[in-house]
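Here's the letter readout for the chains.
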Amino acid sequence: MNGRSAIVKVPASTANLGPGFDALGMALDLYEWIEIRLSDRTQIHVYGDELQGAPTDKSNLIYVMAQHLFEAAGVSHPELDISMYSNIPLTRGLGSSATAIIGALVAANALIGEPFSQDALFQMATAIEKHPDNVGASLFGGIVVAFWDGKRAEYLRVEPAPSLDVLVAIPEFHLSTEKARHVLPTQVAMKDAVFNVGHSSLLVAALCTGRYDMIRHAMKDALHQPYRSALVPGMSAILERATDHGALGVALSGAGPTLLALVDGASGGKQELEKFMLDSLRAEGIGARTMWLKPALAGAELLTQGDSNYTFMEVVKGEVRA
Ligand code: HSE
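So, a few notes on the structure that sits alongside this text. It should be emphasised that the depicted structure is a prediction, and the values quoted were computed from it without experimental measurement. (Residues numbered from 1 in each chain as written. Predicted model: local features only at pLDDT ≥ 70, side-chain atom pairs only at ≥ 80, totals over all residues. Heavy atoms only, no water.)

Packing of helix H1 (residues 61-73) against helix H3 (residues 118-129) leaves a shortest axis separation of 12 Å and a crossing angle of 125°. Taken together, the axis directions place H1 and H3 in an arrangement best described as oblique. The two elements H1 and H3 meet at a crossing, and its hand is right-handed. Residues Met65, His68, Leu69 and Ala72 of H1 form the contact with H3, whose own contacting residues are Leu121, Met124 and Ile128. A per-class count over the contact of H1 with H3 returns 6 nonpolar, 1 polar and no charged. (Axes fitted to C-alpha atoms, helices over the stretch in contact; angles between N-to-C directions. Helix = DSSP H or I, 4+ residues; strand = E, 2+ residues; numbered from the N terminus. Parallel < 35°, antiparallel > 145°, perpendicular 65-115°, else oblique. Left-handed = near helix turned anticlockwise from the far one by under 90°. Contact = heavy atoms within 4.5 Å. Nonpolar A, V, L, I, M, F, W, Y, C, P; charged D, E, K, R; others polar.)

In this section: the site of the ligand. Every residue lining the ligand is accounted for by Ala15, Asn16, Phe21, Asp22, His131, Asp133, Asn134, Thr177, Arg181, Arg228, Gly254 and Ala255. Asn16 is positioned with one of its side-chain polar atoms (N or O) 2.8 Å from an oxygen atom of the ligand. Here an oxygen atom of the ligand and a side-chain polar atom of Asn134 are 3.2 Å apart. Against a free-state accessible area of 260 Å², the protein chains account for coverage of 96% of the ligand. Contributions of two or more residues to the shell around the ligand are made by helix H4 (133-140) and helix H5 (177-182). For the shell around the ligand, a count of residues per class yields 3 nonpolar, 5 polar and 4 charged. When residues of the shell around the ligand are sorted by domain, at least three fall in each of domain 1 (5-159 + 296-317) and domain 2 (164-293). (Near = heavy atom within 4 Å. Polar contact = N/O pair within 3.5 Å; in protein donor to acceptor, adjacent residues only side chain to side chain. Areas by Shrake-Rupley, 256 points an atom, 1.4 Å probe, with all protein chains shown as cover. Domains from an automatic or database assignment.)

What follows is the structure in structure tokens.
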């Protein structure tokens, strides 16, 4: 048994930010920790409430992604001892699968001496996800502006302003990305495409220049949210009126069902916005919880590598927010 291990910490993410469908992502300060250890027998240890029900056999996404990287590197490590802990709610639009993909690739790459660059990991993860928004944010941190043309992904990272707060309202029900993409049309009207080019461009410019007064105008979408609103009762009211209750702008987080508001940290009235979002969902019979988050400035981080003196959960406990 070899026993070499790598532990990584990876942030959650929100995708689209409204108009930037499959193009904009922002890392959030919710995290998954993953350890991959070379072993002579595959075992998968799942800790914490959020990951309950995750497969503990070789169909586990972390195992599958690690094998994908080993195969690309031309090495064979069929047996892995994997541990994972997460405080990212699953299938709610907070990028949990992209977080797992990035965590697995970064840890597996570290285990075999980092044959792949960060860019190569980004290309690999994007080709798996088919869009670069969540994986880019989880890998690089901050706000990521990216495209994927089916062959290569290109990105630029934008630094979120320290005053930017994020309020998420997380409905109790799960919504798979597959289902939320299935309701989208295969073709869109030119006027809707033009609408999104303008709004997404203005949003990026507003984030780059600190013109937060523009976010309320910019964070509007005609390409996916109108089609997805039927899947998230209460969403239309929140998108229409959250800016009247203190949000700088509001959007469906990724493919949903979480709703996400950007908020100026210096502004008052945070409780009013929280109440408005919860009440709007409750009025449609949807239970939800809220969380105040910050953009995560750092992307995936390698915490330990080689023969660590610490157990996985000791490393996690040292990191989990009180
Ligand atoms: N851009 C993606 C979508 C993010 O909206 O479907 C979800 O993974």
